[in-house]
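Chains, contacts and geometry: an overview
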Amino acid sequence: MKNKRSEELFEKAKQYFPGGVNSPVRAFRSVGGTPHFIAKGKGSHIWDADGNEFIDYCCSWGPLILGHADARVNNAIIKTAENGTSFGAPTELENHLAELILSNNKYIEKIRFVSSGTEAVMSAIRLARGFTGRNKILKFEGCYHGHSDSLLVKAGSGLVTFGNTSSAGVPEVFVNETIVVPLNNQKAVEEAFAKFGKDIACVIIEPIPANNGLLLQEKSFLEFLRDITKKNGTLLFFDEVISGFRVGFTGAAGYYKIQPDIITYGKIIGGGLPVGAYGASKEIMSKISPEGDVYQAGTLSGNPVAMASGIAQLNACLEKGFYENLESKCNALVNGIRNHVVKNKYPIRLFSIGSIFWISFSENEKIASADDIDANSMIPFRKFFHTLLEKGIYIGPSGYEVGFVSAAHTNEDITKTISAFCESLDVTFQD
Ligand SMILES: *Cc1c(COP(=O)(O)O)cnc(C)c1O
């Protein structure tokens, strides 16, 4: 595969950006080689700067549930931009997107738009603290919630710990307010509440953890979190930046039928433009400025072009059969690969939910916490990834990343992808 132009562009980019990128995973560090600079996308396909064509399952890490350059989304963006891109004053489009979401999602009553998932989570953590008057938060090892200081904390040693920072530059005082426990472990959560119950403002979880492999949780564990938080006056915070509008219009809350206190959205909500949001009951949201005393603002919040893009995409998601169709394509993909895996006794397993899938390069039947993932299982991923790329399939460049099926993927794409996956597994395990 030709990669000359991408190599030139990457050399240039390294002069401009740390590591040559504006977000770390894009640098291909965990798979090696040069990142492909993408020139264009249409539907389920992308083309890089050297003209190589790929079927894309990264889909911008989730936002593009309709695929690339969807005509409905693009037309909305272009039409809106012609009337100006930002005013710093309210526009009707904000009402439209809010109405579209709130009238189809009974799990939140009011919403606030921001510009990224990180911003949504950071703001909603402040809201949880402001509402409860408590400082501590409890998070799970293996969940990603963006890069705000309070959340760049990983588990220390022990079941219930104040973590260690997972980034330089995060002050110790933040870490001291963040309790980290393993996923899928009731005992650890009970222990944390026994120690700190009345100090915990919120328990934050990706109800469908999809940023560190796909660590599917038992519904009973999520229900347990609902119960224990309620008993302790703690808010239950579902970070649905990935799962929101992905496993169904109402995300994981609707999928599991669990009412959290706060929900964050991102990714799909903006149709490929930078939008995040947080929502809750009217009572909790009334704490937000200018109604309440929890401050949060944004120059580009509710940006009209981004709102129009989100409206176009979410309207398409509401069409009858949309999610069933996505899920059946994803199931076809996963089952097609799984048949080959079982037949050849390859030491891997496939996990999926809705239109999210993940290949684990380990034979563990159940992978439900970060500790269940063996770091060595990532070694074969490197070869697998590059072989797959050669065969025209683009997935996220790390074995910890999940894949996404979009509405633009055709049955022909799926058939081709199954073959490419199977052949790449053969190369990975038989050569
Ligand atoms: C992607 C993601 C974030 C961060 O969103 P950004 O838009 O990248 O800032 C937060 N939480 C979850 C669950 C995510 O998947």
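For the structure itself, look to the data block above.
It should be emphasised that the depicted structure is a prediction, and the values quoted were computed from it without experimental measurement.

1. Here we look at the site of the ligand
Taken together, the neighbourhood of the ligand is formed by Ser-116, Gly-117, Thr-118, Tyr-144, His-145, Gly-146, Glu-206, Asn-211, Asp-239, Val-241, Ile-242 and Lys-267. Tyr-144 places a polar main-chain atom, nitrogen or oxygen, 3.3 Å from a nitrogen atom of the ligand. In the environment of the ligand, an oxygen atom lies 2.9 Å from a nitrogen or oxygen atom belonging to the side chain of Asn-211. In the complex, the protein chains occlude 82% of the 380 Å² of accessible area that the ligand would expose alone.

2. Comments concerning the packing of helix H11 (residues 322-344) against helix H13 (residues 411-430)
For any two helices packed against each other, the geometry comes down to the angle between their axes and how far apart the axes lie. Contact geometry of H11 with H13 gives a least axis separation of 9 Å together with a crossing angle of 30 degrees. Taken as axis vectors, H11 and H13 run roughly parallel relative to one another. By crossing handedness, the relation of H11 to H13 is classed as right-handed. Touching Lys-329, Ala-332, Leu-333, Gly-336, Ile-337, His-340, Val-341 and Asn-344 of H11 are Asn-411, Ile-414, Thr-417, Ile-418, Phe-421, Cys-422, Leu-425, Asp-426 and Gln-430, all from H13. For the contact of H11 with H13, the class distribution of residues is 9 nonpolar, 6 polar and 2 charged.

3. Here's the deal with the pattern of salt bridges
The full count for this structure, using the stated rule, is 14 salt bridges. Lys-4 is the partner of Glu-8 in a salt bridge, and the nearest nitrogen-oxygen pair spans 3.0 Å. Taken together, the positions of Glu-8 and Lys-4, both in helix H1 (residues 4-16) and 4 residues apart, correspond to about one turn of that helix. Exposure remark for Lys-4: the relative accessible area of 57% places this residue in the exposed category. Each of Lys-4, Arg-5 and Glu-8 takes part in one network of salt bridges that share partners.

Parameters and conventions
- Residues numbered from 1 in each chain as written.
- Predicted model: local features only at pLDDT ≥ 70, side-chain atom pairs only at ≥ 80, totals over all residues.
- Heavy atoms only, no water.
- Near = heavy atom within 4 Å.
- Polar contact = N/O pair within 3.5 Å; in protein donor to acceptor, adjacent residues only side chain to side chain.
- Areas by Shrake-Rupley, 256 points an atom, 1.4 Å probe, with all protein chains shown as cover.
- Axes fitted to C-alpha atoms, helices over the stretch in contact; angles between N-to-C directions.
- Helix = DSSP H or I, 4+ residues; strand = E, 2+ residues; numbered from the N terminus.
- Parallel < 35°, antiparallel > 145°, perpendicular 65-115°, else oblique.
- Left-handed = near helix turned anticlockwise from the far one by under 90°.
- Contact = heavy atoms within 4.5 Å.
- Nonpolar A, V, L, I, M, F, W, Y, C, P; charged D, E, K, R; others polar.
- Salt bridge = Lys/Arg side-chain N within 4 Å of Asp/Glu carboxyl O.
- Buried < 20%, exposed > 50% of the residue type's maximum accessible area, 1.4 Å probe, protein only.

Spatial relationships are all this shows, so hold off on functional conclusions.
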